[in-house]
Structures are given as C-alpha cells and as structure tokens.
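Examination of the molecular architecture
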Amino acid sequence: MVAAYANDAHTIEAVNNAVDRGLIEATLVGDEATIKSVCKAENIDVSKFKIVQEDNDAKAASKAVELINNGEGDILMKGLVNTEKYMKAILNKEKGLMPPKAVLSHVTCMENPNYHKLLVFGDVAVLPAPELPEKIAILNYLVKTAQALGIETPKVAVISASESVSPKIQSSVDAAILSKMADRGQIGGAIVEGPLALDLAIDKESAEIKKMTNPVAGDADCLLFPNIETGNVFYKTNTKLANAELCAVVAGAKVPCILSSRGDSVTTKLYSIALGAMIANL
C-alpha cells in the first residue's frame, strides 16, 4: 500500500497496525523528518515502512499515484492531503489511475449495532446525482465489495421513496430497471430488488407488514442510494446517532483508493485499509 502525504499520527498509526496484522506492506510518501518525528512520539518503529520524501501535499499525492502505476503498490491511501488534491492525482488523464470510461464511486461498509449483519452501500461522497449507467457501475462495485467480505451472492436493495414504481420519481424507475436487468442476467452475482423504501430493505417487520416476500426485503446486504444527499445523510446519521463503525474505499480506479477523512479515527482508517486489501486480493 502507498499512503499519500502520510504526515499525520492517525494515518501512520493505522498503517502501523495494518502492517503488524500482516495486512499490507507500506510505503509512506511525505516529509521524512515529520514522519520520523511522529513515529518517535507514538513509539512506532519507522523501519517498518519505506519512506519516499516529498514535503508538498499535492506532489506527494501525484508521487503516490506514480508509484502505483510503476507497480510498487496495490492500494492507494489518502493521508493528510485534502480530498481535492488526492482526487486530482487519481483523475489525472495522463498520469492518473483511471482506466478508459471508468466510473469512480465511493463504497462504504458499515457495522451498525442495530442491524444483524454488515451493510455495504453507496454512493455517499463522489457521485452527486448518478444516472442509470453510473448506478449500474455503483451496483457492480457494491457486489464486488460484498463478495470480498465473503458474501457469495449479495442481496442488493435499490432505494427509493416507496416500493411502488412511479414514473414521476426517477429513482423509482431506475430501481425497477436495475432489478429487471438482474433478473435477466445483465447484472450478475447478486439478487437485486427495487424500488424499496429504506425500512423495507432493512427491517423484517416492516417487510412482513407490507407483505414483501422477496429475499432482499428486511435482509439487504447492500444499499444503492439514489443520490449523494440520501447516501450521505444515511452515513452520518449512523455514525453520529447509532455509533456505527465504518470503513470505505473509492472503487473504479486501477486499484482500491482509500478516501478516509483527515479527521477519521485510527480504527476507521485501519478498517478501510483492511477492506482495500481484501478487494485488491480478489
């Protein structure tokens, strides 16, 4: 794994924990003096890491991407660099990590104490208003992520305001199309049902009351949200009001790209590294 501008304690501690657990080997791109100072303060053996000197955050992101393209890494991680500069390095048309016609999407995995299993969902951070072709890409990323977690045939709920198809609600129409595409084998590896309101996707009692008998209702592994607003509100509601644990990657590039917030906890960053490693090993 290559970490871009890994100058902060949270990133270095998370990477150190991942190395100790045998998840990764790590290269830290950043200011060497700062990295060594952080390691000394945190009592971390700096010799565990390969360090590549670059004291400018934007240049560090570009250097990290270059190392990936040179075959020196299978996972990219965001350190102290801001999201705009990190994404700019990934999206660079000449030197970035984007395959032709690829769609980038943010995929989150969540453990909520009030739900009986892990939930994989998107998009909450990258695609503001995905249209049908982008939703197909998101759906495929959700399925791939769930499979990396050991869920052989994920159950995917395509979320809208209601389980009834309404021509006036585009997310409802898109959900019906995605569901039918899966029925006909155009989307493989998953059971896809939609449109579904959120309660029907994750609450068995609500599904039983409304006589929803499909295998996804009340037992979804994956949630595909209609837009970034709904996904982002769901993400933040779960973290702030339900004490959910989360990890996330950006899918669609040549390698998994970890896009944790600079303020995320060491635990969240460690879980995200683990998720990236599992996807990279598929």
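For every chain, the first residue of the written sequence is number 1, and numbering continues from 1 onward in sequence order. The predicted origin of the model limits local features to residues at a pLDDT of at least 70 and limits the giving and counting of side-chain atom pairs to 80 or more, whereas totals for whole chains, interfaces and linings rest on all residues. Derived side-chain values reflect all non-hydrogen atoms in the structure, with water molecules and hydrogen atoms excluded from consideration.

If you check an unreviewed UniProt entry, the chain appears there as Phosphate acetyltransferase from Candidatus Venteria ishoeyi. UniProt positions are given in the numbering used here, feature names are shortened, and annotations may be inferred rather than shown by experiment. Under Sequence similarities (unreviewed entry), UniProt gives the following word-for-word description of the chain: "Belongs to the phosphate acetyltransferase and butyryltransferase family."

Focus: the packing of helix H5 (residues 132-148) against helix H10 (residues 266-280)
Between N-to-C directions, angles span 0 to 180 degrees; the directions come from axes that are lines fitted to C-alpha atoms, helices contributing only their stretch in contact. Helix numbers and strand numbers start at the N terminus; a helix is a DSSP run of H or I with at least 4 residues, a strand a run of E with at least 2. For the pair H5 and H10, interaxial distance at closest approach is 9 Å and the crossing angle is 95°. The pairing of H5 with H10 is recorded here as roughly perpendicular in orientation. Judged by residue contacts, Lys 144, Thr 145 and Ala 148 of H5 engage Leu 275, Met 278 and Ile 279 from H10. Note that Gly is not counted as nonpolar here; it falls among the polar residues with everything else outside the nonpolar set of Ala, Val, Leu, Ile, Met, Phe, Trp, Tyr, Cys and Pro and the charged set of Asp, Glu, Lys and Arg. Within the contact of H5 with H10, the residues separate by chemical class into four nonpolar, one polar and one charged. Here the word oblique covers every angle except those under 35 degrees (roughly parallel), over 145 (roughly antiparallel) and from 65 to 115 (roughly perpendicular). Contact criterion: two residues are considered in contact whenever any of their non-hydrogen atoms come within 4.5 Å of each other.

What to know about the environment of Glu 111
Assignment of secondary structure puts Glu 111 in strand E5 (residues 105-111). Note: C-alpha distance between Glu 111 and Glu 245 (134 residues apart in sequence) is 5.2 Å.

Quick look at the environment of Ala 201
Among the secondary structure elements, Ala 201 is positioned in helix H7 (residues 198-202). Given a relative accessible area of 0%, Ala 201 falls into the buried group. Placed 102 residues apart in sequence, Ala 201 and Pro 99 show a C-alpha to C-alpha distance of 33 Å. Those residues in contact with Ala 201 that lie beyond four places of it in its chain are Tyr 115, Ala 157, Ile 159, Leu 196, Val 216, Ala 217, Gly 218, Asp 219, Ala 220 and Leu 223. Each residue gets one of three labels from its accessible area relative to the maximum for its type: buried under 20%, exposed over 50%, partly exposed in between, using a 1.4 Å probe on protein chains only.

A closer look at the nonpolar core
General note: in soluble globular proteins, nonpolar side chains tend to be found buried as a group. Take the buried Ala, Val, Leu, Ile, Met, Phe, Trp, Tyr and Cys residues and link them wherever side-chain atoms come within 4.5 Å; each set so joined is a nonpolar core. Among the nonpolar cores identified, the biggest contains 52 residues, and Met 1, Val 15, Ile 24, Phe 49 and Ile 273 are the most heavily contacted of them. At eight residues, H5 tops the list of elements feeding residues into this core. Those domain boundaries reflect an automatic or database domain assignment. For this core, the two domains that each supply at least three residues are domain 1 (2-100 + 253-280) and domain 2 (105-242). With near-sequence residues (within four places) excluded, Val 15 lies in contact with Met 1, Ile 24, Ala 26, Leu 28, Phe 49, Met 77 and Ile 273. Counting 24 residues, the second largest nonpolar core, distinct from the first, contains Ala 64, Val 81, Met 87 and Cys 257.

Brief notes about the domain arrangement of the chain
As far as domains go, the chain holds domain 1 (2-100 + 253-280) and domain 2 (105-242). Computed from C-alpha coordinates alone, the two centres of domain 1 and domain 2 are separated by 30 Å. Counting residues at the interface gives four residues for domain 1, matched by six residues for domain 2. Values labelled buried area give the accessible surface lost by two parts on being combined, using a 1.4 Å probe and summing over both. The contact between domain 1 and domain 2 buries some 560 Å² in all, and 76% of this surface belongs to carbon and sulfur atoms. The rule for a salt bridge is simple: a side-chain nitrogen of Lys or Arg has to be within 4 Å of a carboxyl oxygen of Asp or Glu. For the pair domain 1 and domain 2, the number of links is zero salt bridges. Polar contact criterion, stated in full: a pair of N or O atoms within 3.5 Å, where within protein one must be able to donate a hydrogen and the other to accept it, and residues adjacent in sequence count only if both atoms are side-chain atoms. At the surface where domain 1 touches domain 2, the tally comes to zero residue pairs in polar contact (both at pLDDT 80 or more).

Concerning helix H9 (residues 228-241)
Multiplying one less than the number of residues by 1.5 Å gives the expected span of a helix. The terminal C-alpha atoms of H9 lie 19 Å apart, and with 14 residues this matches the ideal 20 Å at 1.5 Å per residue to within 8%. When we look at burial in H9, the residues that qualify are Gly 231, Phe 234, Tyr 235 and Asn 238. In an axial view of H9, the angular spread of the buried residues amounts to 95°, which keeps them on one side of the axis. Along H9, the residues that are exposed and aim more than 90 degrees away from the buried face are Glu 229, Val 233, Lys 240 and Leu 241. On its buried face, H9 is in contact with E5, strand E6 (119-122), H7, strand E9 (222-224) and strand E10 (245-251). A side-chain oxygen of the first residue of H9 lies 3.3 Å from the backbone nitrogen of Glu 229; this N-cap is Asn 227. Think of the arc as the fan of directions from the helix axis to the C-beta atoms.

Re a negative patch on the surface
Within the patch definition used here, like charges are joined within 9 Å and nonpolar side chains (Val, Leu, Ile, Met, Phe, Trp, Tyr) within 5 Å, considering only residues with over 30% relative accessible area and no salt bridge. Every accessible area reported is derived by Shrake-Rupley at a probe size of 1.4 Å, with residue values counting cover from the shown protein chains alone. When charges are counted, neither His nor the chain ends are considered; positive counts come from Lys and Arg and negative counts from Asp and Glu. Where a charge lies is defined by one atom per residue type, namely NZ (Lys), CZ (Arg), CG (Asp) and CD (Glu). A cluster of acidic side chains, namely Asp 199, Asp 203, Glu 205 and Glu 208, defines a negative patch on the protein surface. Inspection of the secondary structure assignment puts Glu 208 in helix H8 (residues 204-209).

With respect to the packing of helix H3 (residues 57-69) against helix H4 (residues 83-91)
Interaxial distance between H3 and H4 falls to 9 Å at its minimum, and their mutual angle equals 35°. For the crossing formed where H3 meets H4, the hand is right-handed. On H4, the residues touching Asp 57, Ala 58, Ala 61, Ser 62 and Val 65 of H3 are Lys 85, Tyr 86, Ala 89 and Ile 90. A per-class count over the contact of H3 with H4 returns six nonpolar, one polar and two charged. In this scheme the handedness of a crossing depends on how the near helix is turned from the far one: anticlockwise by less than a right angle means left-handed, clockwise means right-handed.

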